[in-house]
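Here is what each chain is made of, one letter per residue.
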Amino acid sequence: MNEIGLNHILFVSTALFFIGVYGFLTRRNLITMLMSIELILNSVNINFIAFNKYLFSDKLDGLFFTVFIITIAAAEAAVAIAIIINLYRNYKSIDVEDADQMKH
Amino acid sequence: MSASTVIFYIISAVILVGALLAVTARKIFRAAVYLLFSLIGIAGLYFFLNYEFIAAVQIVVYVGGIVVLIIFSIFLTHESGSDMKSPAIGRAIYSGLAAVFAFALTFFIINKTEFYPTQNETLEPSVRNIGLQMLSTTEHGYLLPFEAVSMLLLAAMIGCIVIAIKTRTQTD
């Protein structure tokens, strides 16, 4: 446990964040963009837990932030997938380039 | 190099390789499965840091909930065997360069920053401590965010129902 410092974990979470950003920029499909967002949210969670563990081990605040982020991510995924399926019924496609109208 | 270091590197490799394949795979169903591996790796990282409660929540909510939801929506909206369009080459190059340089800058700053750990006594992240602090109404309690997030979940549930009902009446 002693060899693994905060920087190791921050390396993993930073790499995960920018992998998510890359996916969000390159994908044109709504479901895969949602998956990239999940990766970004998870990297933030890793950061909260790592800071709580290594820097503020007398508190539990990072842990609570992680719990609330996971809850909100679940709500966000549910609403996003409802919207995506609704969009698919109207456009027969979930490509962002095809959804070019707010109204149908 | 001790055993815990080796375990950490294995977990990190699972997370990062899973994430990379999830954002580059051409078949959408495979991307979802790679995402699943990445999320399980993150749960393993929480176990590694001795945050068992968060690891359990991660597995239950992400692996058991969100990924299953994503896979359901893939089956509802795709012929899951078909390949997705590959991104335009220019967009892929510029996005990759932006991500790599932003990563380098961020990690450079992290390496230059000095972190000062607290000297206070460690508070164990046990379920008892988590529950006591989450539902307490004192200064550092989290009762109000807890209630607010329950309202958010209710709103999200009603929102999903409203979105689903609207199209059904329109198509009938």
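Above this text sits the structure in question.
Right, let's walk through the structure included here. (Residues numbered from 1 in each chain as written. Chains lettered and ligands numbered in written order. Predicted model: local features only at pLDDT ≥ 70, side-chain atom pairs only at ≥ 80, totals over all residues. Heavy atoms only, no water.)

**Describing the overall build of chain B**
Right, so step 1: Helix and strand content of chain B: six helices and zero strands.
Right, so step 2: Whereas a compact globule of 172 residues would reach a radius of gyration of roughly 16 Å, chain B reaches 21 Å, over 25% beyond that.
Right, so step 3: Its C-alpha atoms give chain B principal-axis dimensions of roughly 60 × 45 × 30 Å.
Right, so step 4: Evaluated residue by residue, chain B yields a buried proportion of 34% over its 172 residues.
Right, so step 5: A sequence separation of at least 24 residues applies to 54% of the contacts in chain B between residues at least 6 apart.
Right, so step 6: On chain B, roughly 10500 Å² of surface is accessible, and the fraction owed to carbon and sulfur atoms is 71%.
Right, so step 7: For chain B, the distance from the average position of its 9 positive side-chain charges to the average position of its 9 negative side-chain charges is 18 Å. (Helix = DSSP H or I, 4+ residues; strand = E, 2+ residues; numbered from the N terminus. Rg over C-alpha atoms; globule rule 2.2 N^0.38 Å. Buried < 20%, exposed > 50% of the residue type's maximum accessible area, 1.4 Å probe, protein only. Contact = heavy atoms within 4.5 Å. Areas by Shrake-Rupley, 256 points an atom, 1.4 Å probe, with all protein chains shown as cover. Lys, Arg positive; Asp, Glu negative; His and termini not counted. Charge placed at Lys NZ, Arg CZ, Asp CG, Glu CD.)

**Side note on the packing of aromatic side chains**
Right, so step 1: Under the counting rule described, the total for this entry stands at eleven aromatic pairs over all chains.
Right, so step 2: Arranged with centres 5.2 Å apart and planes meeting at 20°, the rings of A:Phe48 and A:Phe65 form a pair that is stacked. Separated by 17 residues along the polypeptide, A:Phe48 in helix H2 (residues 30–54) and A:Phe65 in helix H3 (residues 61–91) bring together distant segments of the chain.
Right, so step 3: Overall, A:Phe48 belongs to the partly exposed group, its relative accessible area being 28%.
Right, so step 4: Members of the aromatic cluster, connected to one another through ring pairs, are A:Phe11, B:Phe103 and B:Phe107.
Right, so step 5: Note that A:Lys92 overlies the ring of A:Tyr88, its terminal NZ or CZ placed 5.9 Å from the centroid. (Phe/Tyr/Trp six-rings, centres within 6.5 Å; stacked < 30°, edge-to-face > 60°. Lys NZ or Arg CZ within 6 Å of the ring centre and 35° of its normal.)

**A short note on the pattern of salt bridges**
Right, so step 1: In this structure the tally under the stated criterion is two salt bridges over all chains.
Right, so step 2: A salt bridge links A:Glu97 to A:Arg28; its shortest N-O distance comes to 4.0 Å. Of the two residues, A:Glu97 sits in the segment after H3 while A:Arg28 sits in the loop between helix H1 (6–26) and H2, which places them 69 residues apart along the sequence.
Right, so step 3: Residue A:Arg28 is classed as partly exposed on the basis of its relative accessible area of 25%.
Right, so step 4: For the salt bridge of B:Arg91 with A:Glu97, the shortest nitrogen-to-oxygen distance reads 3.8 Å. One end of the pair, B:Arg91, is in helix H4 (residues 89–112); the other, A:Glu97, is in the segment after H3, on a second chain.
Right, so step 5: Since its relative accessible area comes to 31%, B:Arg91 is described here as partly exposed.
Right, so step 6: In this structure, a network of salt bridges that share partners links the residues A:Arg28, A:Glu97 and B:Arg91. (Salt bridge = Lys/Arg side-chain N within 4 Å of Asp/Glu carboxyl O.)

**Quick look at the packing of H2(A) against helix H2 (residues 28–48) of chain B**
Right, so step 1: One can describe the packing of H2(A) onto H2(B) by two numbers: an axis separation of 11 Å at closest approach and a directional angle of 10°. The angle between H2(A) and H2(B) falls in the class roughly parallel. For the pair formed by H2(A) and H2(B), the contact residues are A:Ile31, A:Thr32, A:Met35, A:Leu39, A:Asn42, A:Asn45, A:Ile46 and A:Ile49 on the first element and B:Ile28, B:Ala31, B:Ala32, B:Leu35, B:Ser38, B:Leu39, B:Ile42, B:Leu45 and B:Tyr46 on the second.
Right, so step 2: Here the contact of H2(A) with H2(B) is composed, by residue class, of 13 nonpolar, four polar and no charged. (Axes fitted to C-alpha atoms, helices over the stretch in contact; angles between N-to-C directions. Parallel < 35°, antiparallel > 145°, perpendicular 65-115°, else oblique. Nonpolar A, V, L, I, M, F, W, Y, C, P; charged D, E, K, R; others polar.)

**Concerning the interface of chain A and chain B**
Right, so step 1: The interface is formed by 70 residues belonging to chain A together with 83 residues belonging to chain B.
Right, so step 2: Interface of chain A and chain B: buried area, both sides summed, is about 7000 Å²; carbon and sulfur atoms make up 75% of it.
Right, so step 3: Connecting chain A to chain B are one salt bridge.
Right, so step 4: Counting every contact that joins chain A to chain B gives ten residue pairs in polar contact (both at pLDDT 80 or more). (Buried area = accessible area lost by both parts, 1.4 Å probe. Polar contact = N/O pair within 3.5 Å; in protein donor to acceptor, adjacent residues only side chain to side chain.)

**A word on helix H3 (residues 52–77) of chain B**
Right, so step 1: End to end, H3(B) covers 36 Å across 26 residues, agreeing with the expected 38 Å (1.5 Å per residue, within 8%).
Right, so step 2: Remark: the principal bend of H3(B), roughly 25°, maps to B:Tyr62. (Expected span 1.5 Å × (residues − 1). Bend = angle between axes of the 7 residues up to and from the residue.)

**Observations regarding the side chain of A:Thr71**
Right, so step 1: Residue position: A:Thr71 is located in helix H3.
Right, so step 2: A residue is classified by how much of its surface remains accessible, and A:Thr71, at 18% relative accessible area, is buried.
Right, so step 3: Here the side chain of A:Thr71 touches A:Val67 through a polar contact of 2.7 Å, landing on its backbone oxygen.
Right, so step 4: Setting aside chain neighbours within four positions, we find A:Thr71 in contact with B:Val149 and B:Leu153.

**Focus: the nonpolar core**
Right, so step 1: Judged by nonpolar contacts, the single largest core of 71 residues is most densely connected at A:Ile9, A:Leu16, A:Ile31, B:Ile15, B:Leu35 and B:Ile70.
Right, so step 2: Those elements giving two or more residues to this core turn out to be H1, H2 and H3 of chain A together with helix H1 (3–24), H2, H3, H4 and helix H5 (127–134) of chain B.
Right, so step 3: Top element by residues in this core is H3(A). It accounts for eleven residues.
Right, so step 4: Ignoring sequence-local partners within four residues, the contact set of A:Ile31 consists of A:Ile84, A:Ile94, B:Ile28, B:Ile70, B:Ser73, B:Ile74 and B:Thr77. (Core = buried A, V, L, I, M, F, W, Y, C linked by side-chain atoms within 4.5 Å.)

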